[in-house]
Amino acid sequence: MKAISALILAAGESKRFGSPKQLLEIDGRTLLNRVISVVNEADVHDVTVVLGAHAELIIPTISNEASILQNPHWKEGMGSTLRMGVSQKMGSKGIMVLVADQPNLKPDHLKNLIDTFVRVNDTVCSRYNNINGVPAIFHPSQFKALTQLKGDQGARKLLEVESITAIRCTECAFDIDTLEDWETIVK
């Protein structure tokens, strides 16, 4: 049986933050390794990190719990990172898409997404701040649309359909974009 694969999108430049936020540490682990651990704790064993900017700094810090893809076209935006990652996982039962900067993410939420995905046999996503977002698990019926994303266009448009199953995730609402965001979590 095909398994669910996980793609952790970590190719961004962290321009608003000013340095690679993937390398920020919380309790002795980088933000990126923290997300990798959460995914593995949710029993997703096909975990891939898609890198771009600052890859040479990030690669040596990544735990062996994930494989690495380097997106040479990361400057094109998130669409190119998703295209690259999804094209490598086309044989999966579903693709869980995550970002590297949600420090409060919990394995229980990911397990809930997985259980719901299996039950409904369709795309499921997280819901916070009145929007549907990631983490999300995409059904194979949407893989082609994911490989056609352009520029900085992420997958949000695919998650805005009325029929999508969305699971509330208050801990997903907080992500780190600025130094102020980071300071709120380390205080």
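This text goes with the structure placed above it.
Keep in mind that what you see is a predicted model, and the values were worked out from it rather than measured. (Residues numbered from 1 in each chain as written. Predicted model: local features only at pLDDT ≥ 70, side-chain atom pairs only at ≥ 80, totals over all residues. Heavy atoms only, no water.)

Draft legend 1. Examining the state of the cysteines more closely. With the rule as written, the count across this model stands at 1 disulfide. Two residues share a disulfide in this structure: Cys 169 and Cys 172, whose sulfurs sit 2.1 Å from each other. On the sign convention where negative means left-handed, the S-S torsion of about 70° between Cys 169 and Cys 172 marks this disulfide as right-handed. With respect to class, Cys 169 is no different from Cys 172; both count as buried. In this structure Cys 125 is not part of a disulfide, and its nearest cysteine sulfur, from Cys 172, lies 10 Å away. On the basis of relative accessible area, Cys 125 is assigned to the buried category, the value being 0%. (Disulfide = S-S within 2.5 Å. Buried < 20%, exposed > 50% of the residue type's maximum accessible area, 1.4 Å probe, protein only.)

Draft legend 2. Highlighting the side chain of Asp 101. The topology assignment puts Asp 101 in the loop between strand S6 (94-99) and helix H4 (107-120). Asp 101 sits in the buried class, given a relative accessible area of 9%. There is a polar contact of 2.8 Å between the side chain of Asp 101 and the side chain of Lys 21. Discounting chain neighbours no more than four positions away, the residues touching Asp 101 are Lys 21, Leu 31, Phe 174, Asp 175, Ile 176 and Asp 177. (Helix = DSSP H or I, 4+ residues; strand = E, 2+ residues; numbered from the N terminus. Polar contact = N/O pair within 3.5 Å; in protein donor to acceptor, adjacent residues only side chain to side chain. Contact = heavy atoms within 4.5 Å.)

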